[in-house]
Amino acid sequence: MADNTKIWPIFRWANWGLSDDLFTGIQNSFFYSQNLEIREDMRSIYPCEQANINQASISGTPVKVIQYDTYTWAVFSGSKVYVFNSNTWAIDGGTTLSGGAVRDAEIFGNKIFVTTNTKLLSVDYENPDWSNPTEVATLNSCDYHPLQATSTTLAIGDKNIIKIVLFNALWTAIDQITLSSNCVVKLLDYLGGYTRIVIEKDYYQNEIWLWDNSKEAINERIPMDWYKFYQSCIYKGKHYLVSNKGLWLLNGYDYYIIKRFEK
């Protein structure tokens, strides 16, 4: 088992009954967290972007927004990327990316990486040419292709494979870990030196892995049978999850329900 001081906060032992809620008055607790956005598509929970984008100019619901210079934002919706200038409030008509709907996007090195249903694409960080992206790898067709960057690697979920792109080899993706064929790498996050991986085996079989990206095996595996996860986010040192039901098996840990959803 990995050093238990490295486990992300939701699995740390409770602080001897101290509750991180309204009544304790702990600032920056779950209750006091601000600027956290939970969208209706159930695959996009992350700190809300500080840009007022007119969604009437964008087709569909944005799935990711990336700022890549002072005034310029890349807004991904469906299979298109829209370029938004927050200084002039101008937005282009959208460029269609190859490989189907966009699943995730991440800045790593001097590139912006984008996953679609079937491809891993990249463009230069400075003055990106969205009409001519580089195809880094072909991916297995899947609704989930999450990306997560660290200082040295970019992790990519490719259905039942975890690929990595190295900082000194941005033009190629390497198969790092291969799971059983019934697994899907659904969510990726980073906290405390570990990449946190949510793996779905079937509707009610999930696992959470802690992985330091340098090994061909995981550091710790947490089985989460009977729980389905829709979204996750690391925000100001706290780990947020959206699940299909309350995680009652974690009642002895530093874990709190923020809000209940109808669906």
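Please read these numbers as outputs of a predicted model, since none were measured by experiment.

Section: the overall build of the chain
In step 1: Secondary structure summary: the chain contains zero helices and 21 strands in total.
In step 2: By residue count, 45% of the 263 residues in the chain fall in the buried class.
In step 3: Residue pairs in contact within the chain that sit at least 24 positions apart in sequence constitute 39% of those at least 6 positions apart.
In step 4: Total accessible area computed for the chain in this model is approximately 13,500 Å², and 49% of it derives from carbon and sulfur atoms.

Looking at the sheet that holds strand β19 (residues 220-223)
In step 1: If you walk across this open sheet you meet the four strands as β16-β17-β18-β19, and the pairing is antiparallel. Strands at the two margins of the open sheet, each flanked by one partner only, are β16 (184-191) and β19. The mean angle between the axes of side-by-side strands here comes to 20 degrees, regardless of whether they run parallel or antiparallel.
In step 2: Pairing between β16 and strand β17 (residues 194-202): seven bridges, direction antiparallel. Following the sheet pairing, aspartate 189 is matched in β17 by arginine 196.

A closer look at the environment of serine 243
In step 1: Tracing the chain through its elements places serine 243 in strand β21 (residues 238-243).
In step 2: Along the chain, serine 243 and serine 232 lie 11 residues apart, while their C-alpha atoms are 9.0 Å from each other.

Section: unusual backbone geometry
In step 1: Of note in the backbone geometry, tryptophan 89 takes a positive phi value of approximately 60 degrees without being a glycine.
In step 2: Its place among the elements puts tryptophan 89 in the loop between β5 (80-85) and β6 (90-91).
In step 3: At lysine 159, a residue that is not glycine, the phi angle is positive and equals roughly 60 degrees.
In step 4: Its location among the elements puts lysine 159 in the loop between β13 (153-158) and β14 (161-166).
In step 5: Exposure remark for lysine 159: the relative accessible area of 32% places this residue in the partly exposed category.

Some words on the sheet that holds strand β12 (residues 147-149)
In step 1: With antiparallel pairing, four strands are arranged side by side in an open sheet as β12-β13-β14-β15. Each end of this open sheet is capped by a strand with a single partner; those strands are β12 and β15 (169-178). Here the strands of the sheet are splayed against their neighbours by 25 degrees on average, with no regard to which way each runs.
In step 2: Where β12 and β13 come together, three bridges link them in antiparallel fashion. Bridging from a neighbouring strand, alanine 149 pairs with leucine 154 of β13.

Reading the values: the criteria
Residues numbered from 1 in each chain as written. Predicted model: local features only at pLDDT ≥ 70, side-chain atom pairs only at ≥ 80, totals over all residues. Heavy atoms only, no water. Helix = DSSP H or I, 4+ residues; strand = E, 2+ residues; numbered from the N terminus. Buried < 20%, exposed > 50% of the residue type's maximum accessible area, 1.4 Å probe, protein only. Contact = heavy atoms within 4.5 Å. Areas by Shrake-Rupley, 256 points an atom, 1.4 Å probe, with all protein chains shown as cover. Pairing = 2+ DSSP bridges. Axes fitted to C-alpha atoms, helices over the stretch in contact; angles between N-to-C directions.

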